Amino acid sequence: MAHDVQHYNLDQKFDFTAATKKSIFTVLIIGAALLVIGIVMAMFGGHHEEAAEAGGHAFHWYERLYANLWINNVYFTGIAIIGVFFFAIQYAAQAGWSAPISRVMLAFGNWLPFAGILMIVTFFVANHDLFHWTHAYLFDKNSPEYDKIIDGKGAFFYWPMAKGTFPAFYILRMVLFFGFWVFFFNKFKKISAAEDQLGGTSHWFKMRSWSAYFIIFFAVSSSISAWDWVMSIDTHWFSTLFGWYVFSSWFVSGLSAITLMVIFLKGRGYLEMINENHVHDLGKFVFGFTIFWTYLWFSQFLLIYYANIPEESVYFIERLSSDVYGPFIFVNLGMNFFLPFLILMTRDAKRNGIFLKLVCTLIIAGHWVDFFLMVQPGTLGHNGGIGFMEIGMFLIYGSSVTLVVLGGLAKGNLIPKNHPMLEESYHHHI
Amino acid sequence: MEKDKNFILGVYDDEDVLLHAVSEVRASGVKIHEVFTPYPVHGLEDVLGYKRSRLPIAAFLFGMLGTTLALTMQLYMMRFDWPMIIGGKDHAAIPDFIPVTFELTVLLAAFGMVGVFMVSSNLKPWAQPRIFDLRSTDDKHIMAIDIANNTSMEVAKIQEILKSSGATEVNNKSFE
């Protein structure tokens, strides 16, 4: 009944048991093994045809490794930052229902420092193999390879340095974004921890202000990071919708990860105050934002298809008419729209852990495919595809992120015990 | 006795009392016809034991109808009735049809849902509303019990149950 007084254990901490760690490590090792198989296969197989190719530069197996690193860097950075973003949204919107699970969202931010380091290191290691615009000759007017379009975009990467030297502006943005994201994440963590100690509503108000600042910063930085990290791979091509498209892909996979984590914790006996009403709300978010992603995907596709301007449509021609990537366009739509849409449509499915587990897993794998389709065609061309290397790298990254996130979660109180809206959350009823 | 004519009304002041009263009255074997409240009371449909509405199924079916209608309409127009080449595309350029398909799906789902709701709730424009107690639009919760549905129990007994469940008044109401 709505007005009974409940007594929950608010001091519970997530116990990161050795058994859980062991099973995550097992996945990590399986991933590493698959990756090694993939690398060995790429090193010794399929070399001859590429060497015979006239004109284009020879393909090396490590390019595929770099592309995989980049896909997972971008994808898991997104999941991590969406955890922080969704946390901030709760405060900015003054939401009460989500109070007990807000620490779960915030915990995803623990991956951000790792993601930032990996991203910068990968950029410098992979360089030419991922980003065509890093070639200096593109900006040299006397070179036969001079590219007028890329030269026009050069300042966006190289300012204030000379074009073709060191991409100062690009690196500055990367450092700035990760720096501020980690700063905001730490700020939230600090305020949240202080609230546990001292109580009162002042921390909540403070958090709301900082959340608003973060959301403003994230609105700009999420779009620009999408151009920098993903769109610049296809350097000639551009889409004005791309920032939002990448953001929506991040958002729905981040929401799925949060939902999976909540269901996992609930299954372990934590978060007793979370019932099917809260799970229903998470399910609605996942359901709604799969449609949001589809809406943006399709809006981008339809305008390019309808207008049929060569410099725009090349992006989809490269993918749709390719034997390697063509089928995955439809896999992408099936996994990220049709299946979640039909499975999660009814109310009962959104309140039922099994359906949500199924759909969230599907979406997390599906949006990896989405990023695979953004990165690989522009970097590897017909040498790409989904093989052992892709699956192995995804498992390695996925299990590392899980380790880091759960490790961060185990450090503090699982529930913000002095959150002023906890009581409201207990009585959440929809 | 004729159904849907003669009612016993329990009048309640407080929503908490009402919620407990509904459970008590139902537990004592009395079948409740309807409860009228001035504002939505959380958890009332649970204690009344209402089944979930089947309206979403109707919405889904009408939505599917909209999808089918839109696709067949556009295919017929653009491919068979008056084929035109637009932007160098195939006559049956399915991606072009999606926006219209989406809109018709939403439109028919919404209209269908409203229509089904009106029919199932008897909200015809010419329907005469039956007012059990005017105060249910102000500050009182009214529990209506159809006497014809509770013939196994004496009227006085039902009135007694209502009184003991916390009703401030127990009235009778008959409709023509």
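Note that the structure is predicted; figures quoted are calculated from it, not measured. (Residues numbered from 1 in each chain as written. Chains lettered and ligands numbered in written order. Predicted model: local features only at pLDDT ≥ 70, side-chain atom pairs only at ≥ 80, totals over all residues.)

Observations concerning the overall build of chain A
Helix and strand content of chain A: 16 helices and zero strands. For 430 residues, the compact-globule estimate of 2.2 N^0.38 gives 22 Å, and chain A sits close to it at 23 Å. Its C-alpha atoms put chain A at 75 × 45 × 40 Å along the principal axes. By the burial criterion, 42% of the 430 residues in chain A qualify as buried. Long-range pairs, those at least 24 residues apart, make up 79% of the contacts in chain A with a sequence separation of at least 6. (Helix = DSSP H or I, 4+ residues; strand = E, 2+ residues; numbered from the N terminus. Rg over C-alpha atoms; globule rule 2.2 N^0.38 Å. Buried ≥ 20, exposed ≤ 12 C-beta atoms within 10 Å, placed from the backbone. Contact = placed C-beta atoms within 7 Å.)

A closer look at the sheet that holds strand S2 (residues 34-36) of chain B
Strand pairing in a sheet relies on backbone hydrogen bonds. The paired strands run either parallel or antiparallel. Residue and element names in this part refer to chain B. Ordered by their spatial adjacency, four strands build an open sheet running S2-S3-S1-S4, and the pairing between neighbours is antiparallel. Across the chains shown, the open sheet's two edge strands, defined by having one partner strand only, are S2 and strand S4 (169-174). Averaged over neighbouring strand pairs, the angle between their axes works out to 25° when direction is ignored. Judged from the six bridges that link them, strand S1 (residues 6-12) and strand S3 (residues 141-146) form a sheet pairing that is antiparallel. Residue pairing across strands places Gly-10 opposite Met-143, the latter belonging to S3. Each of S1, S2 and S3 is contacted by helix H1 (residues 15-27), which is oriented at about 20° to S3, the strand it contacts most. (Pairing = 2+ DSSP bridges. Axes fitted to C-alpha atoms, helices over the stretch in contact; angles between N-to-C directions.)

Observations concerning unusual backbone geometry
Residue and element names in this part refer to chain A. The residue after Trp-159, namely Pro-160, is reached through a cis peptide bond having omega 0°. Structurally, Pro-160 can be placed in the loop between helix H6 (148-158) and helix H7 (168-198). The residue Asn-127 is not glycine, and still its phi comes out positive at about 40°. Note that Asn-127 resides in the loop between helix H5 (112-126) and H6. Phi is positive for Leu-271, close to 50°, though the residue is something other than glycine.

A short note on the UniProt feature "transmembrane region" (unreviewed entry) in chain B
Residue and element names in this part refer to chain B. Summarizing the sequence annotation, UniProt attributes the feature "transmembrane region" (unreviewed entry) to residues 57-77 and 97-120 in the numbering used throughout. Spanning residues 57-77, this segment combines 100% helix with 0% strand, and its end C-alpha atoms are found 30 Å apart. For residues 97-120, the helix share is 100%, the strand share is 0%, and the end-to-end C-alpha distance is 34 Å. (UniProt positions renumbered as here; feature names shortened; annotations may be inferred.)

Some words on the interface of chain A and chain B
Facing the nine residues of chain A at the interface are eight residues of chain B. Residues that form the side of chain A that touches chain B fall into these classes: six nonpolar, three polar and no charged. (Nonpolar A, V, L, I, M, F, W, Y, C, P; charged D, E, K, R; others polar.)

Some details on the confidence of the model for chain B
When pLDDT is averaged across chain B, the result is 92; 99% of the residues are at 70 or more. This complex was scored by the predictor with a pTM of 0.91 and an ipTM of 0.82. (pLDDT = per-residue confidence, 0-100.)

With respect to the domain arrangement of chain B
Domains assigned within chain B are domain 1 (6-50 + 128-174) and domain 2 (55-120). Taking only C-alpha atoms, the centre of domain 1 of chain B and the centre of domain 2 of chain B are 45 Å apart. (Domains from an automatic or database assignment.)

A look at the environment of Lys-284 of chain A
Residues and elements named next belong to chain A. Tracing the backbone through its elements, the reader meets Lys-284 in helix H10 (residues 276-307). Residue classification places Lys-284 among the partly exposed positions, given that 14 C-beta atoms sit within 10 Å. Remark: the alpha-carbon pair of Lys-284 and Leu-422, spanning 138 residues in sequence, is separated by 21 Å.

Some thoughts on the pairing of S1 of chain B
All names here are of chain B. Most of S1 sits out of view: five of its seven residues are buried. Relative to S4, S1 is paired through six bridges, and the arrangement is antiparallel. Paired with Gly-10 across the strands is Val-170, a residue of S4.

A word on the nonpolar core
Within soluble globular proteins, side chains that are nonpolar generally end up buried alongside one another. Grouped together as the largest cluster of nonpolar side chains are 112 residues, with contacts concentrated most on Ile-79, Val-84, Phe-108, Trp-111, Ile-258 and Val-286 of chain A. Top element by residues in this core is helix H3 (residues 61-92) of chain A. It accounts for 19 residues. Excluding residues that lie within four positions of it along the chain, Trp-111 of chain A makes contacts with Phe-76, Ala-80, Val-401, Val-404 and Val-405 of chain A. In terms of nonpolar packing, the next biggest core, distinct from the first, is built from 19 residues, Phe-7, Ile-8, Leu-9 and Val-35 of chain B among them. (Core = buried A, V, L, I, M, F, W, Y, C linked by C-beta atoms within 7 Å.)

Some thoughts on the environment of Asp-234 of chain A
With respect to the secondary-structure elements, Asp-234 of chain A resides in the loop between helix H8 (202-229) and helix H9 (242-267). In this structure Asp-234 of chain A touches Tyr-315 and Gly-378 of chain A, once residues within four positions along its chain are discounted.

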